[in-house]
Amino acid sequence: KVFQAVVSCIGNDGTIYIIPKSFETALNKLMAEIQNNFKGLGLLIPYCWKKGEACVVRGSDTVWYRAKIVEVSGSTLQVQYIDRGYIESIPQCHLYPTTFYTGIPPFCIPCQLYKTLPIGNYWQQEAVEYLQELLKNEEVEIHVKELPDNPWGKLSISLYFGGMSLSSFMAYQRYCVAEDCQDIQKLGVFEGDLSPSYLLQPLPVPGETFPVTVTHLVSPKEVYICLDSSENLTKHSATERSASRDSESLSKALKWCNKIVKTLPHLTNFKKELPCLAEYVDGLWYRAKLLSITQLVPVQILVQFVDYGTYLVAPTSRLRHIPCPLLKYPVQAVRVLLAGFRPASDDKNVERIPYSPEWSLKALWTMVDCVEGKRLSASILTVSPEVTISLYGDDKNLVHLKLIEMGLAELDQ
C-alpha cells in the first residue's frame, strides 16, 4: 500500500512515527472533544500511577493529549503521546488518569525502514538528530513493505521525500546500509557522469486561450511565460491541469532539496546545457542549466533558471548536482515571441537594451509595467520555428497596444 503521511516524531531509537493524511480529520475531531472535556490543571491530589496506564497530559502548548505512562520516577512521570509518538518527562500535576478514549487506536504508526541496517546495529545520535531535522512535521510518501508480527510492532516501510528514497539517502550519508541496492540506483543524486536533460513543457493547442504569467522579459518581444494554475482548474484543459499538478509537485520536491542541499556534491562537469541546482540571490536553490563559462579565474558560470527564464552569473560554490527525481518535471518557463508589433522606427530614446539595441530601455520598462503581477492570457499562433503568441492583459486587450500608444513600438502585420 502507498499513502501520504506526516512524520510526527523520530524516536531516540530511530523509530519513525507517522500519521496518515487520511487520519487527520478523525484525529482533529478527537482532539477537539478532549479539549472540551478536560479544562484547567491536571490531577492535584496524590495518585499512584502505574506503568502503561492511560491518561491525558497537558502539553507545553496548554493543549490536552492522549498519553500513556512509560516510567514512574518520583514526582515526575515519563509519558508517551500515543497520537504523536514522542516521549516526555512531565510533572504529575499536568496529567489526569482516564479510561476515556482507550477504545480508539493510536493515530500515529511506529515505523522502521525496510531492509535498512544502521551502522553499529543501532541509529547513532547524530543520525537520529539528522532524521528529526529532515522529517519532523513534513509530509512524505509511505510504501508499506511488511506488516509487524504483533499489532504494537513497527511497520516496515520505504519512505520517499521529494521523490527520493530515505534509505538510499541515509546510506549515502553513511548512517546505514540499505540492502535494496536497486533503491540506491533510483536515488540518482550523484550520477555525475550521465548527461541528463530536462523535459519540455507540453503546450495548449494553437488557437486556445489560456491563463499565463510572465516570469522574465528579455526584450518587449521576447519573454518567458508559465501556464497559470491559480484560477479554477475545472475550466482548464488537460494540459493546464497537468501543468498545475507538476508545478505543485515540483515545489514540494524543491523544498526538500533545499533541506538537503549541503549534502549534494558541487558540480565538477561544466558541459553546456547540463542540468543542475543553482543558488539564487534569495538564498534558495532552484533548477537551472549551464550556459557558458564567463570567467576562468575565479570560475564564473552563466546559468539559466529553467522554471523562470532568468539568468545568473554564479561561482561554482553556488552550483550543485541535481537529484534525478527533479528531472521528471517539465520545465515551467517557456520562451515565446509576442506577435503583432515591432520596434518603432522613430523611437528617439537614446538608452537602448545592450543585447537588443533595436529596442529602447523605456519600451522594456513599459512592457514590464504591462505584465508584472497581472492576470494575463495567451493564445498560440505558431510553434515553429519559434513559439509565437498573442498576449492579452487583464482587460482582455493586447498588451503591446500600450507601447504603440506611447510611440515605443509599431504594428507589425
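What you are looking at is a predicted structure, and each value in this text was computed from that prediction instead of being measured. (Residues numbered from 1 in each chain as written. Predicted model: local features only at pLDDT ≥ 70, side-chain atom pairs only at ≥ 80, totals over all residues. Heavy atoms only, no water.)

Overview of the environment of glutamate 33
Secondary-structure assignment places glutamate 33 in helix 1 (residues 24-37). Sequence spacing of glutamate 33 and threonine 263 is 230 residues, and the spatial spacing of their C-alpha atoms is 44 Å. (Helix = DSSP H or I, 4+ residues; strand = E, 2+ residues; numbered from the N terminus.)

Some words on helix 1
Between its terminal C-alpha atoms helix 1 stretches 20 Å, which fits the 20 Å expected from 14 residues at 1.5 Å a residue. For helix 1, every residue scored as buried is listed here: Leu27, Leu30, Met31 and Ile34. All buried residues of helix 1 lie within an arc of 100° about the axis, which places them on one face of the element. For helix 1, the exposed residues set more than 90 degrees away from the buried face come down to Thr25, Asn28, Lys29 and Asn36. (Expected span 1.5 Å × (residues − 1). Buried < 20%, exposed > 50% of the residue type's maximum accessible area, 1.4 Å probe, protein only. Arc of directions from axis to C-beta.)

Observations concerning the packing of aromatic side chains
Counted according to the given criterion, the structure contains 17 aromatic pairs. For the pair phenylalanine 23 and phenylalanine 107, a centre-to-centre distance of 6.1 Å together with 75° between the ring planes defines the contact as edge-to-face. Pair noted here: phenylalanine 23 is in the loop between strand 2 (16-20) and helix 1 and phenylalanine 107 is in the loop between strand 7 (95-97) and strand 8 (109-113), with a separation of 84 residues, a long-range link. Both rings, one in tyrosine 286 and one in phenylalanine 305, keep their centres 6.1 Å apart while their planes meet at 90°; by these two values the pair is edge-to-face. Of the two residues, tyrosine 286 sits in strand 17 (residues 285-295) while phenylalanine 305 sits in strand 18 (residues 300-305), which places them 19 residues apart along the sequence. For the residue pair tyrosine 286 and phenylalanine 305, the accessibility class agrees, reading buried in each case. Taken together, the ring pairs in this structure connect Phe38, Trp64, Tyr96, Phe100 and Tyr101 into an aromatic cluster. (Phe/Tyr/Trp six-rings, centres within 6.5 Å; stacked < 30°, edge-to-face > 60°.)

Focus: the sheet that holds strand 3 (residues 54-58)
Taken in spatial order, the five strands line up as 6-5-4-3-7 in an open sheet, and their pairing is antiparallel. Since the sheet does not close on itself, it has two edges, and those belong to strand 6 (87-91) and strand 7, each with one partner. Between one strand and the next, the sheet's axes are offset by a mean angle of 45°, whatever the strand orientation. The pairing of strand 3 with strand 7 spans three bridges and is classified as antiparallel. If you follow valine 56 over to strand 7, its bridge partner there is tyrosine 96. (Pairing = 2+ DSSP bridges. Axes fitted to C-alpha atoms, helices over the stretch in contact; angles between N-to-C directions.)

What to know about the domain arrangement of the chain
Entries for the chain in the domain assignment read domain 1 (1-48 + 96-189), domain 2 (208-232 + 333-411) and domain 3 (265-322). Taken together, the contact pairs five residues of domain 2 with seven residues of domain 3. Taking both sides of the interface into account, the surface hidden between domain 2 and domain 3 amounts to around 450 Å²; carbon and sulfur atoms contribute 50%. By the criterion of area lost to domain 3, the three top residues of domain 2 are His216, Tyr224 and Ala333, representing 73% of everything that side buries. The interface formed by domain 2 and domain 3 includes zero salt bridges. For the side of domain 2 that touches domain 3, the secondary structure elements donating two or more residues are strand 14 (209-217) and strand 15 (222-227). Here the residues of the side of domain 2 that touches domain 3 are counted per class, giving three nonpolar, two polar and no charged. (Domains from an automatic or database assignment. Contact = heavy atoms within 4.5 Å. Buried area = accessible area lost by both parts, 1.4 Å probe. Salt bridge = Lys/Arg side-chain N within 4 Å of Asp/Glu carboxyl O. Nonpolar A, V, L, I, M, F, W, Y, C, P; charged D, E, K, R; others polar.)

Observations concerning the UniProt feature "domain: Tudor" (unreviewed entry) in the chain
Taking the UniProt record as the reference, the feature "domain: Tudor" (unreviewed entry) is found at residues 48-105 and 269-329. Taken end to end, residues 48-105 comprises 0% helix and 50% strand; its first and last C-alpha atoms sit 25 Å apart. (UniProt positions renumbered as here; feature names shortened; annotations may be inferred.)

Concerning a nonpolar patch on the surface
A cluster of nonpolar residues, Leu117, Ile119 and Val177, forms a patch on the protein surface that exposes about 240 Å² of accessible area. Mapping isoleucine 119 onto the fold places it in the loop between strand 9 (116-118) and helix 2 (125-135). With relative accessibility at 40%, the residue isoleucine 119 sits in the partly exposed group. (Patch = residues over 30% accessible without salt bridge, like charges linked within 9 Å, V, L, I, M, F, W, Y side chains within 5 Å. Areas by Shrake-Rupley, 256 points an atom, 1.4 Å probe, with all protein chains shown as cover.)

Here we look at the environment of leucine 403
Residue placement: leucine 403 occurs in helix 7 (residues 401-405). Sequence spacing of leucine 403 and histidine 143 is 260 residues, and the spatial spacing of their C-alpha atoms is 55 Å. The residues touching leucine 403, leaving out its near neighbours within four places in the chain, are Pro220, Phe341, Trp359, Ala363, Thr366, Met367, Leu408 and Ala409.

Brief notes about the pairing of strand 8
Consecutive residues of a regular strand have side chains that alternate between opposite faces of the sheet. Bridging between strand 2 and strand 8 involves three bridges; their strand directions are antiparallel. Across the sheet, residue isoleucine 18 finds its bridge partner in strand 8, namely isoleucine 109. Summarising the sheet, strand 8 and strand 11 (residues 155-161) pair through three bridges and their orientation is parallel. Residue pairing across strands places glutamine 112 opposite serine 156, the latter belonging to strand 11.

Focus: the sheet that holds strand 25 (residues 376-382)
Strand order in the closed barrel made by the five strands is 14-15-21-26-25, with mixed pairing throughout. On average, adjacent strands in this sheet sit at an angle of 60° to one another, irrespective of strand direction. Two elements, strand 15 and strand 21 (residues 334-338), share four bridges in a ladder whose sense is antiparallel. The residue of strand 21 that forms the bridge with tyrosine 224 is arginine 335. On top of the sheet, helix 6 (residues 361-371) reaches strand 14, strand 21, strand 25 and strand 26 (388-392); it is set at about 135° to strand 14, its chief contact.

Here we look at the pairing of strand 11
Taken across its seven residues, strand 11 has seven buried, putting it largely inside the fold. Residues of strand 11 alternate between two faces, with Leu155, Ile157, Leu159 and Phe161 on one and Ser156, Ser158 and Tyr160 on the opposite face, all of them buried. In the sheet, strand 10 (residues 139-146) pairs with strand 11 via five bridges, with the strands oriented antiparallel. The partner of glutamate 146 across the bridge, within strand 11, is serine 156. When strand 11 meets strand 12 (residues 164-165), the two strands line up antiparallel, connected through two bridges. Following the sheet pairing, tyrosine 160 is matched in strand 12 by serine 165. Linking strand 11 back to strand 12 in an antiparallel pair, the connection comprises two residues, with glycine 162 at a positive phi of about 60°.

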